[in-house]
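Overview (structure and organization)
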Amino acid sequence: EPPVRNSGLMGGKFLRRQVQKKPDGSRFGPSDMFVGNQVEFVCHKFLLLHADEFSYRFMENDDKTFPFSNFPRLVTQLMSKVQDIKRYFIAEYSGDGLIDIDQFEECCRHVELNFNRQELITLWRKIDRKSKGKVTFTKVIKLASDVPLHVSFGLSSESTGRRPSCSEV
């Protein structure tokens, strides 16, 4: 904004393109930039609320630099609580069969999976591939059960020792 005399507001640039340091003196890196993180620049705190589609894809494709977008790690954590997730939807859930990301977050918190917002978004993007905003809760169970999302529960992988093919379902 251009400076205006006697307006009471500071005019000019807030920041220019340069390396920024954290309050502790270390540099900000790519792994510090994730949805839900609070960063501080020039004594001002910013909460990172969203990212664009390109940024989400970039983070998901480079999960070593962006550990909160590491899908295999997140699914492994989800799989460790699959029985608790099933119990949640049987006993606690009282909806219409469709859940949104906030209800997914509530389910994760209930089964003691304390994912941050970036991790929730990473999982949700895989569950809600069509970006409708709501999915059936069975998709969460399928993901946690390590069953491909496009295959129904026709045959159990536990009973046969292998995953059912699409032609078997």
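In the block above lies the structure referred to throughout.
Being a predicted model, the structure only gives us computed values, none of them experimental.

The rules we used
Residues numbered from 1 in each chain as written. Predicted model: local features only at pLDDT ≥ 70, side-chain atom pairs only at ≥ 80, totals over all residues. Heavy atoms only, no water. Helix = DSSP H or I, 4+ residues; strand = E, 2+ residues; numbered from the N terminus. Contact = heavy atoms within 4.5 Å. Areas by Shrake-Rupley, 256 points an atom, 1.4 Å probe, with all protein chains shown as cover. Phe/Tyr/Trp six-rings, centres within 6.5 Å; stacked < 30°, edge-to-face > 60°. Lys NZ or Arg CZ within 6 Å of the ring centre and 35° of its normal. Axes fitted to C-alpha atoms, helices over the stretch in contact; angles between N-to-C directions. Parallel < 35°, antiparallel > 145°, perpendicular 65-115°, else oblique. Nonpolar A, V, L, I, M, F, W, Y, C, P; charged D, E, K, R; others polar. Buried < 20%, exposed > 50% of the residue type's maximum accessible area, 1.4 Å probe, protein only. Arc of directions from axis to C-beta.

This brings us to the overall build of the protein. Along the backbone of the protein there are 7 helices and 4 strands. Tracing the protein from N to C terminus, the helices and strands come up as β-β-α-α-α-β-α-α-β-α-α. Counted over contacts in the protein with a minimum sequence separation of 6, partners at least 24 positions apart contribute 45%. When the accessible surface of the protein is summed, it comes to about 11600 Å², and 53% of that surface belongs to carbon and sulfur atoms.

Glancing now at the packing of aromatic side chains. Applying the stated criterion across every chain, the model contains 10 aromatic pairs. Taken together, the ring pairs in this structure connect Tyr88, Phe89, Tyr93 and Phe137 into an aromatic cluster. Here the guanidinium or amino end of Lys126 rests over the ring plane of Phe71, the centre of that ring lying 5.4 Å away.

All right, on to the packing of helix 1 (residues 53-61) against helix 5 (residues 117-127) then. Close contact between helix 1 and helix 5 brings their axes to 11 Å; oriented N to C, the two are set at 95°. Between helix 1 and helix 5, the angle is such that the two are roughly perpendicular. Within the contact between the two elements, helix 1 uses Glu53, Tyr56, Arg57, Met59 and Glu60 and helix 5 uses Gln118, Ile121, Thr122, Arg125 and Lys126. Partitioned by chemical class, the residues of the contact of helix 1 with helix 5 number 3 nonpolar, 2 polar and 5 charged.

Let's shift gears to helix 2 (residues 71-79). Among all positions of helix 2, only Leu74, Val75 and Leu78 are buried. The buried residues of helix 2 all sit within an arc of 100° when viewed along its axis, so they share a single face. In helix 2, the exposed positions angled more than 90 degrees off the buried face are occupied by Pro72 and Thr76. Where helix 2 is buried, its residues touch helix 3 (82-92), helix 4 (101-110), helix 5 and helix 6 (137-144).

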